[in-house]
Amino acid sequence: DTAVSQTPKYLVTQMGNDKSIKCEQNLGHDTMYWYKQDSKKFLKIMFSYNNKELIINETVPNRFSPKSPDKAHLNLHINSLELGDSAVYFCASTTNGGGQGFDEQFFGPGTRLTVL
Amino acid sequence: TQLLEQSPQFLSIQEGENLTVYCNSSSVFSSLQWYRQEPGEGPVLLVTVVTGGEVKKLKRLTFQFGDARKDSSLHITAAQPGDTGLYLCAGAGGSYIPTFGRGTSLIVHP
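Residues numbered from 1 in each chain as written. Chains lettered and ligands numbered in written order. Predicted model: local features only at pLDDT ≥ 70, side-chain atom pairs only at ≥ 80, totals over all residues. Heavy atoms only, no water.

Time to look at the overall build of chain B. Along the backbone of chain B there are zero helices and 11 strands. In terms of overall dimensions, chain B is globule-like: its C-alpha atoms have a radius of gyration of 13 Å, near the 13 Å expected for 110 residues. Dimensions of chain B, computed from the C-alpha atoms along their principal axes, are close to 40 × 30 × 20 Å. Here chain B holds 110 residues, and 47% of them are scored as buried. Once local pairs closer than 6 in sequence are excluded, the contacts in chain B between residues at least 24 apart make up 53%. Accessible area of chain B: about 5200 Å², with a carbon and sulfur share of 51%. Across chain B, the mean location of the 8 positive side-chain charges is 6 Å away from that of the 9 negative side-chain charges. (Helix = DSSP H or I, 4+ residues; strand = E, 2+ residues; numbered from the N terminus. Rg over C-alpha atoms; globule rule 2.2 N^0.38 Å. Buried < 20%, exposed > 50% of the residue type's maximum accessible area, 1.4 Å probe, protein only. Contact = heavy atoms within 4.5 Å. Areas by Shrake-Rupley, 256 points an atom, 1.4 Å probe, with all protein chains shown as cover. Lys, Arg positive; Asp, Glu negative; His and termini not counted. Charge placed at Lys NZ, Arg CZ, Asp CG, Glu CD.)

With that settled, the discussion passes to the pattern of salt bridges. Summed over all chains, the structure comprises six salt bridges over all chains. Two residues, A:Lys71 and A:Asp30, come together in a salt bridge whose shortest N-O distance is 2.8 Å. Placement of the pair is A:Lys71 in the loop between β7 (64-70) and β8 (73-78) and A:Asp30 in the loop between β3 (19-25) and β4 (31-37), with a sequence separation of 41 residues. Overall, A:Lys71 belongs to the partly exposed group, its relative accessible area being 34%. B:Arg36 is the salt-bridge partner of B:Glu38, the closest N and O atoms lying 3.0 Å from each other. Assessed through its relative accessible area of 19%, B:Arg36 is described here as buried. (Salt bridge = Lys/Arg side-chain N within 4 Å of Asp/Glu carboxyl O.)

Note: disulfide means a covalent bond formed between the sulfur atoms of two cysteine side chains. Evaluation of the coordinates by the stated rule reveals two disulfides over all chains. Linked covalently through their sulfurs, A:Cys23 and A:Cys91 form a disulfide whose S-S length is 1.8 Å. With the S-S bond torsion at -75 degrees, the cross-link from A:Cys23 to A:Cys91 turns out left-handed. Residue A:Cys23 is located in strand β3, and its partner A:Cys91 is located in strand β9 (residues 87-94); the two are separated by 68 residues in the primary sequence. Across this residue pair, the class does not change: A:Cys23 and A:Cys91 are buried. Between the sulfur of B:Cys23 and that of B:Cys89 lies a disulfide, 2.0 Å long from S to S. Where B:Cys23 bonds to B:Cys89 through sulfur, the torsion about that S-S bond is close to 75 degrees, and the disulfide is right-handed. Within this pair, whereas B:Cys23 is found in strand β3 (residues 19-24), its partner B:Cys89 is found in strand β9 (residues 85-92), the two being separated by 66 residues in sequence. Given a relative accessible area of 0%, B:Cys23 falls into the buried group. (Disulfide = S-S within 2.5 Å.)

Residues and elements named next belong to chain B. Sheet topology places strand β6 (residues 55-58) next to strand β7 (residues 61-65); four bridges connect them, and they run antiparallel. Within β7, the position partnered with lysine 57 by the bridge is threonine 62. Between β6 and β7, which follow one another and run antiparallel, lie two residues, and lysine 59 among them has a positive phi close to 55 degrees. (Pairing = 2+ DSSP bridges.)

Keep in mind these values describe shape, not function.
See the structure below:
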């Protein structure tokens with residue numbers, strides 16, 4: 001049983017197009033994230049949702065719009081794709097952060113986006 | 001933004017060697033985590049350290065959290081080819097915004 005799933009696994013598209021990446025978790029977690037991992041493997045948080053509410057937005061261009069229809073899903077829509085958007089995008093989920101820092105994050109397999 | 005500096009960035013060693021990876025910051029973290037990422041997959045949690053000075057062992061892996069909770073290390077004894085991967089440290093300060101280090105890419109040659 002896949003805990004955190006993402007679709008598609010690979011996405012190749014032209015500059016200027018609009019695309020979406022879907023994420024679903026079946027762990028019953030309250031918090032979900034989107035991360036971007038660049039070509040140098042740096043993993044940077046983009047957004048976080050807790051129970052469908054946006055709680056973290058780390059200075060991401062407004063061409064990126066996350067949507068959480070329910071707490072098990074967090075989709076990422078990207079408008080007007082640019083070359084610099086090429087990266088691997090990871091979805092992750094966790095239980096609500098407890099008093100001892102943050103809990104284990106469970107990552108999806110990633111979506112490799114290539115913008116031509 | 002709280003930064004985590006990892007070193008070294010790359011490590012290429014022979015099977016059986018020992019190695020240490022470092023994760024340093026000028027900020028205090030409430031906890032630090034170590035993840036391992038294999039090609040084409042997402043990171044997977046290895047350990048969480050919470051208490052300053054804490055040492056945790058996971059088979060041949062030893063994790064340490066600095067007394068001041070600003071740094072951590074991962075030591076692997078007698079590395080094996082199966083240890084090959086990208087090792088990432090991650091922390092969350094008071095804001096609970098997860099921050100990742102830039103990773104250490106480890107290759108263990110048979």
